[in-house]
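# A look at the structure
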Amino acid sequence: MQPAARQNAIYWALLAAAFAVALTASWTSFGAQIDNDAYDTMFRLYQPPPWQPQSILLAIDDRSLNAYGGVPGLRKPLAEALELIDAAAPKAVAVDIILADRTDPKIDARLEQALHATANLVLACQLLPDDSGWEDPLPIFRAQAAELGHVHAEPDELDSVGRSIPLEKAAGHDRRWALSLAAYRLSRGGAQIIESPRDLNVGGVVIPSTFAGGRLMRIRYAPPSVKIPRVSMKDLLDHPGLASWFKGKVVFAGVTSQIAAKDWLFTPYSAGRPMVGVEIHANAFETIAQGLFIRDAPPWTVLAFSLLLVVALGVTYSRLRPLAANGLGAAILVTAHVTPYWFFTHRIFFSFATPVSAAWLSLITAGSYQFLIVRRRLRLSEADRDRYRQTIHFVTHEMRTPLTAIQGSSEMMSRYALPEQKRKQIADLINAESKRLGRMIEMFLNVERLSAGQMELKKETFSARELLAACVQRALPLAERKQIRILTAALAEDLVLAGDRELMEYAFYNLLTNAIKYSPPRTQVTLAAVRKHDHSYISVEDQGIGMDQKEVKKIFQKFYRTKRAEQSGEVGTGIGLSIVEQIITQHSGTIEVMSRPGQGSRFTIVLPASVPAAVVKQS
Ligand code: ADP
């Protein structure tokens, strides 16, 4: 795989991991609690338009309890209050007091009478502690009720905040609707409740609450701008004229004293102040009556949106420049935070923890990965520049030698009258040095042209053996200086290569001189050229300083030299092998390097045999 492709694969794998971590985290209780907090915050931030409440509370508050002797003394004043309310013709009356036990028969009969006179009456019931059955009102009271409604809430497992109520509860097959739903149904002329797995339909109002989810309904608690009216029971009995407040309303009667009521809960609005059960029922009723249902977004949409954020961030950081990427990244992050709120204003609860954690984690991952890559590139290009500077320094230094020779010689020729033989000698020297200079310039130009892909390759066929013999010839003085033997026994007679002869010679000559340069005296360099199947293998093997694997990976980079090579005292530019590699690549070949520090190296050039073996033998 190309380094860029590998980098890209690692980048996306890291982002995928970030996404997986974000998903897992958002499924933990920590993620669930973040969602809860986000829900409550959005609940407080987004206020639905105010509405006219259709319910009213008959509040059995501390004053009422004090006046009538606490909860045990309630039945008589309750009967009186209900009679007053009946006269005002409310739409329905829900009594959130479990009338399960007997008290004074006379008082019970009085209450029975009052209940009997109450139209659309819902009485409260609750599951027995072990869920084995229902704790119902006494039969005499029950007989007066149009319906029984359960009074259970469903506080959140994590923080005990009451955000939803179950619209139905069952003990075995004995099922009851919630008090609020029962009151709503009766207030709408006893509309049928039509059930489907996804919702309940009450007289055309569709309440989203899945059967699988326990028929939970999120309560849209009335915002501060909407006050559900309440009349204290004591006030009503002291001032019967207050009964007119109840006209056309759905009445929720219950204990509102925080001390006496045991069924209070915290709500998204409460800020430390709990809400009593009867008020929660009235709020649930208002939710249904106003149709202010809050649905849950399907999990797959949350997943798809979060994935989209990860991909968007990934593309942003891999394609854009850092400044633009950070700008767009911040915008995507804001989108992740704002989207759940946008949904909330459309009464859909869209998870906050999943997209936000996915966005944050991928932003951090993508940002830091790209930052590291940029830093690395910067480091590499700085190192390149350094080497380039060194090379220019070296090249100018190298060029100075032939130039000085040319200058000196030509000056001598013009200043002095030299004998003909001397003049010829000096002219030859000038010629040789200028040619050397020309070759050097040519080589550096070739590097540039080769890497820019501007160099045209000639298409010739030539004998590998002859080519290598020419290289050996040129390298011989170098080798002799170090008493290095060049073995050529393994050169196949008939191996023909195809391509640009001049460039190929440059490549092999380079490998050969490297082998000599980077070997100690009195060692040997072995050349081999063979044809196997459809490929030609030409190798140069030495017994020199060698390299470790890390170094081998870098030697084809421009200007790279190993430490060992620099310490060897051999001059070099680190440019030769990069040209060799380009030449061989242009010929559709590859270079294999085997090397061990201190033991030697073998460079093998593998070329496709473009000339069929049969033709080679005949020619
Ligand atoms: P130069 O020889 O001018 O430094 P090259 O591009 O030809 O540049 O080679 C790059 C580097 O590869 C060398 O500096 C040396 O460190 C290493 N190298 C090349 N050939 C050999 C070899 N035969 N043995 C050990 N090291 C080698």
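Note that this is a predicted model, so its numbers are computed, not measured.

## A word on the environment of Trp342
Tracing the backbone through its elements, the reader meets Trp342 in helix H11 (residues 322–345). The class of Trp342 is partly exposed, set by a relative accessible area of 48%. Residues Trp342 and Tyr46, 296 residues apart in the sequence, show an inter-C-alpha distance of 9.7 Å.

## Some thoughts on the site of the ligand
Surrounding the ligand, one finds 21 residues, the nearest of these being Tyr518, Arg561, Thr562, Thr573 and Leu577. Taking Asn514, its side chain carries an N or O atom lying 2.8 Å from an oxygen atom of the ligand. A distance of 2.7 Å is found between an oxygen atom of the ligand and a side-chain nitrogen or oxygen belonging to Thr562. Protein chains bury 98% of the 530 Å² of accessible surface belonging to the ligand in isolation. Taken together, the elements giving at least two residues each to the shell around the ligand come down to helix H15 (501–517), helix H18 (576–586) and strand S23 (600–608). Considering every element that reaches the shell around the ligand, the biggest residue donor is H15, with 4 residues.

## A short note on the nonpolar core
Core analysis: the biggest nonpolar cluster contains 84 residues, and Leu58, Leu123, Leu181, Ile207, Phe246 and Phe252 have the highest contact counts within it. Looking at which element gives the most residues to this core, the answer is helix H9 (residues 277–290), with 7 residues. Ignoring any residue separated from it by four or fewer positions in sequence, one finds Leu58 in contact with Leu78, Ala81, Ile85, Val231, Met233, Leu236, Phe246, Val251, Phe252, Ala253 and Gly254. Core analysis: the next-biggest nonpolar cluster, separate from the first, contains 44 residues, Leu468, Ala475, Leu503 and Ile605 among them.

## Side note on the sheet that holds S23
Taken in spatial order, the 5 strands line up as S18-S20-S21-S23-S22 in an open sheet, and their pairing is mixed. The sheet is open, and its two borders are formed by strand S18 (485–491) and strand S22 (590–596), each paired with just one other strand. Strand-to-strand, the axes of this sheet are offset by a mean angle of 15°, without reference to chain direction. Summarising the sheet, S22 and S23 pair through 7 bridges and their orientation is antiparallel. By the bridge assignment, Thr590 is partnered in S23 with Val606. Against the sheet, helix H14 (residues 464–481) touches S18, strand S20 (524–532) and strand S21 (535–541), its axis set at about 170° to S18. Packed on one face of the sheet, H18 meets S22 and S23 and runs near 140° to S22.

## Side note on the environment of Leu491
Here Leu491 lies in strand S18. Between the C-alpha atoms of Leu491 and Ala464, which are 27 residues apart in sequence, the distance is 8.1 Å. Residues contacting Leu491, with those up to four places away along its chain left out, are Arg465, Leu468, Leu527, Ala528 and Ala529.

Cut-offs used in this document
Residues numbered from 1 in each chain as written. Predicted model: local features only at pLDDT ≥ 70, side-chain atom pairs only at ≥ 80, totals over all residues. Heavy atoms only, no water. Helix = DSSP H or I, 4+ residues; strand = E, 2+ residues; numbered from the N terminus. Buried < 20%, exposed > 50% of the residue type's maximum accessible area, 1.4 Å probe, protein only. Near = heavy atom within 4 Å. Polar contact = N/O pair within 3.5 Å; in protein donor to acceptor, adjacent residues only side chain to side chain. Areas by Shrake-Rupley, 256 points an atom, 1.4 Å probe, with all protein chains shown as cover. Core = buried A, V, L, I, M, F, W, Y, C linked by side-chain atoms within 4.5 Å. Contact = heavy atoms within 4.5 Å. Pairing = 2+ DSSP bridges. Axes fitted to C-alpha atoms, helices over the stretch in contact; angles between N-to-C directions.

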